[in-house]
Amino acid sequence: MGIRVLVSGANGRMGREVVKGILADPELELVGAVGRQSGIGQDIGVLAGREPLGLALEPDLGEAIARSGAEVVVDFTRPAVVKENLETIAKQRAHAVIGTTGITEADIPAIAALYREHGVSAVIAPNFAVGAVLLLKFAAQAARFFPQVEIIETHHDQKLDAPSGTAIKYAEAIARAAGGCTPAPTKVEKVAGVRGGELKGIKIHSLRLPGFVAHHTIIFGGLGQSLTLKHDSISRESFIPGVILAVKRVPRLNGVVYGLENLLEL
Ligand code: NAD
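Every chain is numbered on its own, with residues counted from 1 as its sequence reads. Thresholds applied to this predicted model are a pLDDT of at least 70 for local features of residues and 80 or more for the giving and counting of side-chain atom pairs; totals over whole chains, interfaces and linings are not thresholded and use all residues. Only hydrogens and water are removed before side-chain values are computed, so all heavy atoms of the structure are retained for them.

### Looking at the environment of Lys169
Okay, step 1: The residue Lys169 is located in helix α7 (residues 165-178) in this model.
Okay, step 2: Owing to a relative accessible area of 9%, Lys169 belongs among the buried residues under this scheme.
Okay, step 3: Considering only alpha carbons, one finds Lys169 and Arg144, 25 residues apart in sequence, at a separation of 17 Å.
Okay, step 4: The criterion used for residue contact is that any of the two residues' heavy atoms lie within 4.5 Å. When neighbours within four sequence positions are excluded, Lys169 is seen to be in contact with Pro126, Leu136, Tyr258, Gly259 and Glu261. Secondary structure elements are taken from DSSP: a helix is a run of H or I of four residues or more, a strand is a run of E of two residues or more, and numbering for both begins at the N terminus. Using a 1.4 Å probe on the protein chains alone, a residue whose accessible area is under 20% of its type maximum counts as buried, one over 50% counts as exposed, and one in between counts as partly exposed.

Put into structure tokens, the structure is as follows:
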């Protein structure tokens, strides 16, 4: 018997990939699937493009955890519901692996207190792709030498939020490593917003176009030189090894971990 895993958002683009990843791993057992909108009552194996599993997509997360006895819940839903789901998971005393964006560093202390209160753990990661996590590490190194930096993130046109959670995490890490960043001043903005959004003194530019998955470029500028770091997730499979690693590690963690980099020995 493997770790009992339930997928929240199992009918979504990421949720279906997570279902396939869990089914392919002999150490994990898929015990439940929750979703909204379409597919309620349908077999989750069929929804993910696999053989029928005799496991139907359910609409209520709390009830599904209680019914299935899930030990770990993986959540890839929507930024608007992720905090509510985090609360439901903790109250049902399951561990959480959260890929849904919409959570920042500032939210972590309250989430950690909630999970401590219920004696469970969580891994919250805005990006489960190992390459994107390495980019975070390299960017923090570069930031010590190049405090002027801008971030460009490109995602598919169905993404609901901007900027990406990953871009926020990069800006937070770069600003921390650099000891502060200041964007180049622009006196006249002839088109409103043309210089992008700003977080911790770092300009972030969000592109939304069909044909893309998740792409991040960090461009540092210095005297007479620039340094460009880039990561591309060219398919959603790129996130699955990181998710599976988190599912296996979360029951043995003590508390809340924000960022996959904290599970890798970098
Ligand atoms: P999607 O719209 O394809 O899927 C979301 C699914 O969640 C939908 O099927 C919807 O029915 C379901 N849902 C909505 N509300 C729900 C609720 N209250 N309970 C259960 N299910 C609910 O979106 P997606 O492309 O799969 O992305 C999902 C989230 O994951 C987004 O926030 C996205 O930014 C994030 N994401 C994170 C990573 C990462 O590595 N951390 C990678 C890709 C996407």
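### Focus: the sheet that holds strand β4 (residues 72-75)
Okay, step 1: Note on pairing: DSSP must find at least two bridges between two strands before they are called paired. Here we have seven strands laid out as an open sheet, ordered β3-β2-β1-β4-β5-β6-β12, and parallel in their pairing. Taken across any chain shown, the strands that pair with only one partner, and hence form the sheet edges, are β3 (57-58) and β12 (256-258).
Okay, step 2: Pairing between strand β5 (residues 95-98) and strand β6 (residues 122-124): three bridges, direction parallel. Opposite Ile98, over in β6, you have Ile124 as the bridge partner.
Okay, step 3: What counts as an axis is a line fitted to C-alpha atoms, over the stretch in contact for a helix, and the angles between N-to-C directions run from 0 to 180 degrees. Against the sheet, helix α3 (residues 61-68) touches β1 (3-8), β2 (28-34), β3 and β4, its axis set at about 160° to β1.

### Examining the pattern of salt bridges
Okay, step 1: Note on definitions: salt bridges are taken to be side-chain nitrogens of Lys or Arg within 4 Å of carboxyl oxygens of Asp or Glu. On inspection of all chains with the given rule, the structure shows 14 salt bridges.
Okay, step 2: A salt bridge links Glu27 to Lys248, with the shortest nitrogen-to-oxygen separation between them at 3.5 Å. Placement of the pair is Glu27 in the loop between α1 (13-23) and β2 and Lys248 in helix α8 (residues 240-249), with a sequence separation of 221 residues.
Okay, step 3: Accessibility expressed as a relative area gives 48% for Glu27, which makes it partly exposed.
Okay, step 4: Taken together, the shared-partner salt bridges connect Asp25, Glu27 and Lys248 into one network.

### Some remarks on the site of the ligand
Okay, step 1: In the vicinity of the ligand lie 24 residues, with Asn11, Arg13, Met14, Arg36 and Phe128 positioned nearest.
Okay, step 2: Here a polar contact means two N or O atoms within 3.5 Å. Within protein one must be a hydrogen donor candidate and the other an acceptor candidate, and residues neighboring in sequence count only if both atoms are side-chain atoms. Here an oxygen atom of the ligand and a side-chain polar atom of Gln37 are 3.0 Å apart.
Okay, step 3: Only the protein chains shown count as cover for residues, with accessible areas throughout obtained via the Shrake-Rupley method and a probe of 1.4 Å. Against a free-state accessible area of 860 Å², the protein chains account for coverage of 89% of the ligand.
Okay, step 4: Each residue receives one of three labels: charged for Asp, Glu, Lys and Arg, nonpolar for Ala, Val, Leu, Ile, Met, Phe, Trp, Tyr, Cys and Pro, and polar for the others, Gly being one of them. Of the residues assigned to the shell around the ligand, the class counts are nine nonpolar, 11 polar and four charged. Residues are classed as near a molecule or strand on a simple rule: at least one heavy atom within 4 Å of it.

### Looking at the pairing of β1
Okay, step 1: Burial analysis of β1 places five of its six residues in the buried class, which makes it a mostly covered element.
Okay, step 2: Sheet topology places β1 next to β2; six bridges connect them, and they run parallel. Looking across to β2, one finds that Ile3 is bridged to Leu28.
Okay, step 3: Looking down the strands as they point away from the viewer, one classifies a crossover as right-handed if the path from the first strand across the helix to the second runs clockwise. Read from β1 through α1 to β2, the crossover connection turns out right-handed.

### Some details on unusual backbone geometry
Okay, step 1: Pro163 follows Ala162 through a cis peptide bond whose omega is -5°.
Okay, step 2: By the secondary structure assignment, Pro163 is in the loop between β7 (148-155) and α7.
Okay, step 3: Positive phi is not limited to glycine here, since Arg93 has a value of about 60°.
Okay, step 4: On the basis of relative accessible area, Arg93 is assigned to the exposed category, the value being 54%.

### Section: the sheet that holds strand β10 (residues 214-222)
Okay, step 1: The mixed open sheet is built from five strands, whose spatial order is β8-β9-β7-β10-β11. Edge positions in the open sheet fall to β8 (197-199) and β11 (225-233), since each of these has one partner strand only. Taking the axes of each pair of neighbouring strands and ignoring which way they run, one obtains an average angle of 20° across the sheet.
Okay, step 2: Contacting β10 and β11, helix α6 (residues 130-143) crosses the sheet at an angle of about 165° to β11.

### Re the domain arrangement of the protein
Okay, step 1: For each domain, the first and last residues come from an automatic or database assignment. According to the domain assignment, the protein contains domain 1 (3-124 + 236-263) and domain 2 (130-233).
Okay, step 2: Here the C-alpha centroids of domain 1 and domain 2 sit 28 Å apart.
Okay, step 3: With 14 residues of domain 1 at the contact, the number on the domain 2 side is 16 residues.
Okay, step 4: For the pairing of domain 1 and domain 2, the buried interface totals around 1,200 Å² over both sides, and the portion due to carbon and sulfur atoms is 57%.
Okay, step 5: Joining domain 1 to domain 2, the criterion identifies two salt bridges.
Okay, step 6: Linking Arg176 and Glu105 is a salt bridge whose minimum nitrogen-to-oxygen distance equals 2.2 Å. Buried area counts how much accessible surface, traced with a 1.4 Å probe, disappears from two parts once they are put together, with both parts' losses summed.

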